[in-house]
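One letter stands for each residue in the lines below.
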Amino acid sequence: MLPRERLAQYGEIRDYLPNRYAGDRAVDLPSDDTQLAFWMLEHLLDRGRIEPDALTAPPAPKWWIDTFVQRARPIEGDATVYRPRGDRTAKLGPLWKLVDEKLRHSLQSRRPEAGGEWYSGAYLLETVPAALRVLMYYGADPEEAIVRAVNDTKDNDTIAAIVGAAVGALHGESALPRRWRDGLSGRVVADVDDRKVFELLERAVLTPAPNSERGRGTPAQRST
Ligand SMILES: [Mg+2]
């Protein structure tokens, strides 16, 4: 807020103000800067030194919210058509708005339960926030992210499939536990052992995307 707007709304601030994230009590809450400072301290205490890869490799929790909202908002618009089932207090609104309000709120706690107030059933307004919340807190650790999605959500096959796709894209196949990769059947249909997943992936890798130069060779190669 601009200083004059803040002054008009709160007067001069000399003490804690009632905060909706603390049940309207006038207590301290960490700013995002304070959080960063203490996560850094935790990192130093755990590792004894600064390890840049560990600090910078995973996107920060806020990145998942910001990126989702940035991409989804122009597609969804502002139409007020959805209401999450498990949260009667939530306003009607598009998914990006729910993610923006509810997930940002959840940043106040360090590692909340994945399903949380969304019930995490087979319903878009529960599935997407639940998947994003797992990614926010466990996106740096592909195994733990999938384990949390499987164990902490209701519609766990759907949420774990989304989380698995995201951490796979982020970290690559080799970051997934060997025992899981070795156990893949490659089935598309539960009772047909045709290893079709692997066949489809192989075809996809060999098929150039429309308007893509991939697979066409260089201009020099094409002329020969
Ligand atoms: Mg499901």
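Note that the structure is a prediction, hence the values are computed from the model and not measured.

**Overview of the overall build of the chain**
Helix and strand content of the chain: 11 helices and 0 strands. Seen in sequence order, the chain has helices and strands lined up from the N terminus as α-α-α-α-α-α-α-α-α-α-α. With 224 residues in all, the chain has 21% of them scored as buried. In the chain, of all internal contacts separated by at least 6 residues, the share reaching a separation of at least 24 is 49%.

**Section: helix α4 (residues 61–76)**
Its 16 residues give α4 an end-to-end C-alpha distance of 22 Å, which sits within 8% of 22 Å, the value for a rise of 1.5 Å per residue. When α4 is considered as a whole, its buried residues turn out to be Pro-61, Trp-64, Ile-65 and Phe-68. Looking at the buried residues of α4, the elements they touch are α5 (95–106) and α6 (124–138). Residue Gly-77 follows α4 closely and has a positive phi angle near 70°.

**As for the nonpolar core**
In this structure, Val-99, Ala-131, Leu-132, Val-134, Leu-135, Ala-145 and Val-163 are the most contacted members of the largest nonpolar core, which totals 26 residues. Listing elements by their share of this core, those giving two or more residues are α4, α5, α6, α7 (142–152) and α8 (156–171). With 10 residues, α6 is the largest single contributor of residues to this core. Excluding its chain neighbours within four sequence positions, the residues that come into contact with Val-163 are Ala-131, Val-134, Leu-135, Ala-145, Ile-146 and Ala-149.

**Some words on the packing of α6 against α8**
Where α6 contacts α8, the two axes come as close as 9 Å, and the packing angle between them is 45°. Between α6 and α8, the crossing angle belongs to the class labelled oblique. Crossing hand, α6 versus α8: right-handed. Across from Thr-127, Ala-130, Ala-131, Val-134 and Leu-135 in α6, the residues of α8 making contact are Thr-158, Ile-159, Ile-162, Val-163 and Ala-166. Grouping the amino acids of the contact of α6 with α8 by side-chain chemistry returns 8 nonpolar, 2 polar and no charged.

**Considerations on the confidence of the model for the chain**
On average, residues of the chain carry a pLDDT of 83, and 84% of them reach 70 or more. Segment residues 215–224: pLDDT under 50, and 4 contacts once partners within four positions in sequence are set aside and those in other chains are kept.

**Details of the environment of Ala-72**
Along the chain, Ala-72 turns up in helix α4. For Ala-72, a count of 17 C-beta atoms within 10 Å corresponds to the partly exposed category. Considering only alpha carbons, one finds Ala-72 and Pro-94, 22 residues apart in sequence, at a separation of 9.2 Å. Those residues within four positions of Ala-72 in sequence are excluded, and the remaining contacts are Leu-95 and Trp-96.

**Structural notes on the environment of Asp-28**
For Asp-28, the location among the structural elements is in the loop between α1 (3–10) and α2 (32–47). Sequence-wise, Asp-28 and Asp-15 are 13 residues apart; in three dimensions their C-alpha atoms are separated by 9.4 Å.

**Regarding the packing of α4 against α5**
Packing of α4 against α5 leaves a shortest axis separation of 8 Å and a crossing angle of 155°. Judged by the angle between their axes, α4 and α5 are roughly antiparallel. Crossing hand, α4 versus α5: left-handed. Across the interface between the two elements, Ile-65, Phe-68, Val-69, Ala-72, Arg-73 and Glu-76 from α4 touch Leu-95, Trp-96, Val-99, Asp-100, Leu-103 and Arg-104 from α5.

**Structural notes on unusual backbone geometry**
You will see that Asp-24, though not glycine, has its phi angle at about 65°, which is positive. With respect to the secondary-structure elements, Asp-24 resides in the loop between α1 and α2. The phi dihedral of Arg-195 falls on the positive side, at around 55°, and the residue is not glycine. Residue position: Arg-195 is located in the loop between α9 (178–182) and α10 (196–206).

The rules behind each value
Residues numbered from 1 in each chain as written. Predicted model: local features only at pLDDT ≥ 70, side-chain atom pairs only at ≥ 80, totals over all residues. Helix = DSSP H or I, 4+ residues; strand = E, 2+ residues; numbered from the N terminus. Buried ≥ 20, exposed ≤ 12 C-beta atoms within 10 Å, placed from the backbone. Contact = placed C-beta atoms within 7 Å. Expected span 1.5 Å × (residues − 1). Core = buried A, V, L, I, M, F, W, Y, C linked by C-beta atoms within 7 Å. Axes fitted to C-alpha atoms, helices over the stretch in contact; angles between N-to-C directions. Parallel < 35°, antiparallel > 145°, perpendicular 65-115°, else oblique. Left-handed = near helix turned anticlockwise from the far one by under 90°. Nonpolar A, V, L, I, M, F, W, Y, C, P; charged D, E, K, R; others polar. pLDDT = per-residue confidence, 0-100.

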